[in-house]
Amino acid sequence: MKSLSEIDTISKRSSRAAGYSWGIAEEIGKNIRLLEIFSLPGIKNLNDFLNKKKNIKLENLNLITKDNNANNSEYCPVIAGVNFLDQIKSLETLSEIKFKNIAYPMLFLPFVSRASEIVGKRILLKLDEKEFLLNFNNNINSNFSKKEIIKTAENVSIKILDNEDSFNDNEWKELYKLSEETFVEENESLKQSAAGAGLTDND
Amino acid sequence: MNVPLRDPNVVMKLSRLGSFHQSKLSFLRSFLKEFKDWDYKRDLFDLNENGYGTAVFSFKKKNRVYSLICFANELDENERSDRVIATKWDTAFTLFDGVPTKLDIDRLKNEVPKQEFGRLSYKELTLSRANKSIRIFNHVVESLSNGVQPDKELLAKVGYLYRTTAVYGSGKFGLADRFRIKDRKEIYGPFRLEMMLVYLVRQFTFDQVNHVAKNRNPKKAVNLDPEICKSLGIGNSTGLGMAPFIVNHPTLLNNWIYAREVSLKKIREIKNVAITESDLFKDCLKKSIKNIISWNTESEYQIKKIKSLLKDLNEFILFLDNEFDFNQEYPFNNLYEYLEEQCGEECVEYVVSMMMEPYDNIVAPLIKKMSSEEDKYFNIPTERTVLELKTILEDKYSEILNIDFKKKENNLNFWFISKNKEEPRLANRFDENGSDLEQPLAIARDIKKLYEMLSVSKNSSTIAIFLSNNSDLRHVVRRAFIVEKFPYSEIQDNTIGKEIVPIDMLRLKLSFFGALKFDPRSDKWLRICMFQGAPLPGQLKNYDEHWVYN
């Protein structure tokens, strides 16, 4: 089994060899390591992408907007990803960000996962019919579990989710009530000697 | 009194870093301290009469066990080489996490001797190999088998029976990634498991030499005197592989240097020094002179440095004995100021190391902070502005921004990874091919380029926007924001200039390892000795922490 350190180093070097700058290659190394930690096919997708990169008409998406359309080509997943990560602070107010045609979108995913950690919000990423809930870069919930190469995603959408509870008030109150059963009722003399005892409220 | 931390523009110069010496902060010393109350055991010693076979040594405490597995193989004279291009060695080692089963040992017997071409697993923590100093090893076997101890003078000249040529860890060749073990308290502090491997290898070399002598002449042979064993360490040949490490791990580098600088600051701030403390400092300093006198090298560069160190130290000791009174306030601060005025860098840093000896209370807490969670600082704060980044560069790289990289001498060399051994190398870009595959280690040049690009960008632009047009500078943008937080994370010198002495970079790292007797064999590789004078495993429970000077 390859160590994560080897995965990081080889991904970085191969990306540099494929023409990315050292700084971008460093990002790719960290990203592929992340995908492999999450049991997603990082090396598989990167290897295929770098081998076929020269033959694909790729467009660099530098400035991310609400709607991003690469109509006659495909967006480079790395450049789109790195710019999404870099610009996340200015993008987080948008309710939804759409992309048309991203090549090898699995390589775009870890940038979005890292952005989730930076803004402290969950992000829902859809790559056509595949959904990924990115939880602060700590874990990923998905309906995609195949170890396969995804060559393209026609419709990509990103929703930065508000920090909301996943339960209703009643459920919380019921559980809170149960937790109260670990408390002990205080008698009057204990209340009198608790913190602040003997002081006036306005001293 | 508040003594400021030393200026990174002074400390982080290569000539200064290349003058560092071992200290209480050094990893091999902190390793011994941490593992002194662990149970040491030789679990397996299955060697034939010539010393070839398998051995296992372990350290154990409660449920935790670390086992060194040693494979000693017969090696043809012509195949023995310390160079990184070698493919066979006298011995090969791995440090195993736990107690290895027979199956583990059988698996590793096929992989460990192959080193870079073998595959290790998450169960193995570090990997190394070593070659005999044939002259010394044979002399010791010959002497012991005849019932006499070897020539101490000859041994002192070399200092070891074996020398390692590489020690690998942290996920190399399938070894365990650091994240698997980083929360173990006994390995807080960098390179602790690498130090354990080298320390146990040292014991293997003594047991092996005794075993071979005994087999040669069972009736007459004697064991190597434990005092002689103590006086021997493990040699090491180190090449440029180490140099990029300190550039590629800026926060780690910062934490090493920061620990040293904070120690010095706190010692200089001591108002009244107890007589036991000043006596210990003077005692270590005077005893340490023998380490300098017995420092053998043929390197003109190093001989010059040793001569100057010895001259400065002798004058400093005279000053200490005849003119200096420790009863004054802030004596270590006054001594430090004297050193900076009167002595060369080599002597200043030597005495700085020595000043730490009496102060376990200052040094010990800092040792635990010498590791780094590097990934925490990987993301670039892209919401910051061009103006802010420019200010950081002006503040943190002021001297580097004055270098003219259009001049050939400032842009003479390039760092690359060799194809045959995947090892870093340095070459002249105007004479050699391959500069188009240059590694990102020309930090000074790239920082200057970044500054030039920032200077023609809009001050209020965010770094996100700047990077969208300047992705080739991303690696140095990341570094600049790290340097903002970690003042000692960057070498304040040009690592591709004509004047670069790459062994200064090696020396810095090796001094933190705790190496002694740096012996440059060229400007690109050197030999050192580790654990020379260190207690043997059986002596660890009550050892003298100042063993380096005894």
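## Here we look at the overall build of chain B
Regarding its fold elements, chain B presents 20 helices and 11 strands. Computed over the C-alpha atoms, the radius of gyration of chain B is 24 Å, within 12% of the 24 Å expected from 2.2 N^0.38 for a compact globule of 550 residues. Oriented by its inertia axes, the alpha-carbon framework of chain B measures out at about 85 × 60 × 50 Å.

## Brief notes about the overall build of chain A
A tally of regular secondary structure across chain A gives seven helices and eight strands. Its C-alpha atoms give chain A a radius of gyration of 24 Å, more than 25% over the compact-globule value 17 Å for 203 residues. Structurally, chain A occupies a C-alpha span of about 80 × 40 × 35 Å along its principal axes. Scored against the burial criterion, the 203 residues of chain A give a buried share of 36%.

## A few points about unusual backbone geometry
Despite not being glycine, A:Tyr104 shows a phi value in the positive range, around 40°. A positive phi angle, close to 45°, is found at B:Ser170, a residue other than glycine. For B:Ser170, the location among the structural elements is in the loop between β6 (160-168) and α7 (192-216).

## Notes on the pairing of strand β7 (residues 233-238) of chain B
Along any regular strand the residues' side chains alternate between the sheet's two faces. Residue and element names in this part refer to chain B. Where burial is concerned, most of β7 is hidden: six out of the six residues are buried. Summarising the sheet, β7 and strand β11 (residues 526-530) pair through five bridges and their orientation is antiparallel. Note on β11: the bridge partner recorded for serine 237 is arginine 527.

## Topic: the nonpolar core
Among the nonpolar cores identified, the biggest contains 150 residues, and B:Leu68, B:Met196, B:Leu197, B:Val201, B:Val209 and B:Val477 are the most heavily contacted of them. Sort the elements by how many residues they give to this core and α7(B) lands first, with 13 residues. Formed jointly, this core draws a minimum of three residues from each of two domains, domain 1 (36-239) and domain 2 (375-485) of chain B. In this structure B:Val477 touches A:Gly23, B:Ile380, B:Leu389, B:Leu450, B:Ile463 and B:Leu467, once residues within four positions along its chain are discounted. If you look at the next biggest cluster of nonpolar residues, it comprises 48 residues, including A:Val78, A:Ile97, A:Ala115 and A:Ile150.

## With respect to the interface of chain A and chain B
At the junction of the two partners, chain A supplies 20 residues and chain B supplies 22 residues. Elements that contribute at least two residues to the side of chain A that touches chain B include exactly α1 (4-17), α2 (22-37), α4 (77-91) and α5 (109-119) of chain A. Considered class by class, the residues forming the side of chain A that touches chain B number six nonpolar, seven polar and seven charged.

## Remarks on the sheet that holds strand β5 (residues 124-132) of chain B
Residues and elements named next belong to chain B. What the nine strands build is an open sheet, ordered β1-β2-β3-β4-β5-β6-β7-β11-β10; its pairing is mixed. Edge positions in the sheet fall to β1 (39-47) and β10 (516-520), since each has one partner strand and no second. Going from strand to strand, the sheet's axes swing by 25° on average, the running direction of each strand aside. As defined by bridge partners, β6 adjoins β7 across three bridges and the pair is classed as parallel. Along β7, the bridge assignment pairs arginine 163 with glycine 235. The strands touched by α7 are β1, β2 (53-61), β3 (64-72), β4 (91-97), β5, β6, β7 and β11; relative to β6, the strand with the most contacts, the crossing angle is about 150°.

## Quick look at the packing of α2(A) against α5(A)
Residues and elements named next belong to chain A. Interaxial distance between α2 and α5 falls to 9 Å at its minimum, and their mutual angle equals 85°. In terms of their interaxial angle, α2 and α5 are classed as roughly perpendicular. Contact residues: α2 offers Asn31, Leu34 and Leu35, while α5 offers Pro110, Phe111 and Ser113. Considering only residue class, the contact of α2 with α5 consists of four nonpolar, two polar and no charged.

## Regarding the domain arrangement of chain B
Looking at the assigned domains, one finds that chain B contains domain 1 (36-239) and domain 2 (375-485). Domain 1 of chain B and domain 2 of chain B are separated by 41 Å when their C-alpha centres are compared.

## Side note on the packing of helix α11 (residues 275-293) of chain B against helix α12 (residues 300-322) of chain B
All names here are of chain B. Where α11 meets α12, the closest approach of the two axes is 11 Å, and the angle between their N-to-C directions is 155°. Put simply, α11 runs roughly antiparallel to α12. As for the relative orientation of α11 and α12, their crossing is left-handed in sense. Packed against α11, whose contacting residues are Lys282, Leu285, Lys286, Ile289 and Ile292, the element α12 presents Ile306, Leu309, Leu310, Leu313, Ile317 and Leu320 at the interface. The residue inventory of the contact of α11 with α12, partitioned by class, reads nine nonpolar, no polar and two charged.

## Regarding helix α10 (residues 250-268) of chain B
Here α10(B) is 19 residues long and its end C-alpha atoms lie 26 Å apart, about the 27 Å a rise of 1.5 Å per residue gives. Across the 19 residues of α10(B), 15 count as buried, placing the element largely inside the fold.

## A word on the pairing of β10(B)
Counting buried positions along β10(B) gives four out of five residues, so the element sits mostly inside the fold. Linkage of β10(B) to β11(B), two consecutive antiparallel strands, is achieved through a turn of five residues.

## What about helix α20 (residues 502-513) of chain B?
Residues and elements named next belong to chain B. For α20, which comprises 12 residues, the first-to-last C-alpha distance of 17 Å matches the rise-based estimate of 16 Å (1.5 Å per residue) to within 8%. By the burial criterion, the buried members of α20 are Pro502, Ile503, Asp504, Met505, Leu506, Arg507, Leu508, Leu510, Ser511, Phe512 and Phe513. Downstream of α20 by a residue or two, glycine 514 has a phi angle that is positive, lying close to 105°.

Calculation criteria
Residues numbered from 1 in each chain as written. Chains lettered and ligands numbered in written order. Predicted model: local features only at pLDDT ≥ 70, side-chain atom pairs only at ≥ 80, totals over all residues. Helix = DSSP H or I, 4+ residues; strand = E, 2+ residues; numbered from the N terminus. Rg over C-alpha atoms; globule rule 2.2 N^0.38 Å. Buried ≥ 20, exposed ≤ 12 C-beta atoms within 10 Å, placed from the backbone. Pairing = 2+ DSSP bridges. Core = buried A, V, L, I, M, F, W, Y, C linked by C-beta atoms within 7 Å. Domains from an automatic or database assignment. Contact = placed C-beta atoms within 7 Å. Nonpolar A, V, L, I, M, F, W, Y, C, P; charged D, E, K, R; others polar. Axes fitted to C-alpha atoms, helices over the stretch in contact; angles between N-to-C directions. Parallel < 35°, antiparallel > 145°, perpendicular 65-115°, else oblique. Left-handed = near helix turned anticlockwise from the far one by under 90°. Expected span 1.5 Å × (residues − 1).

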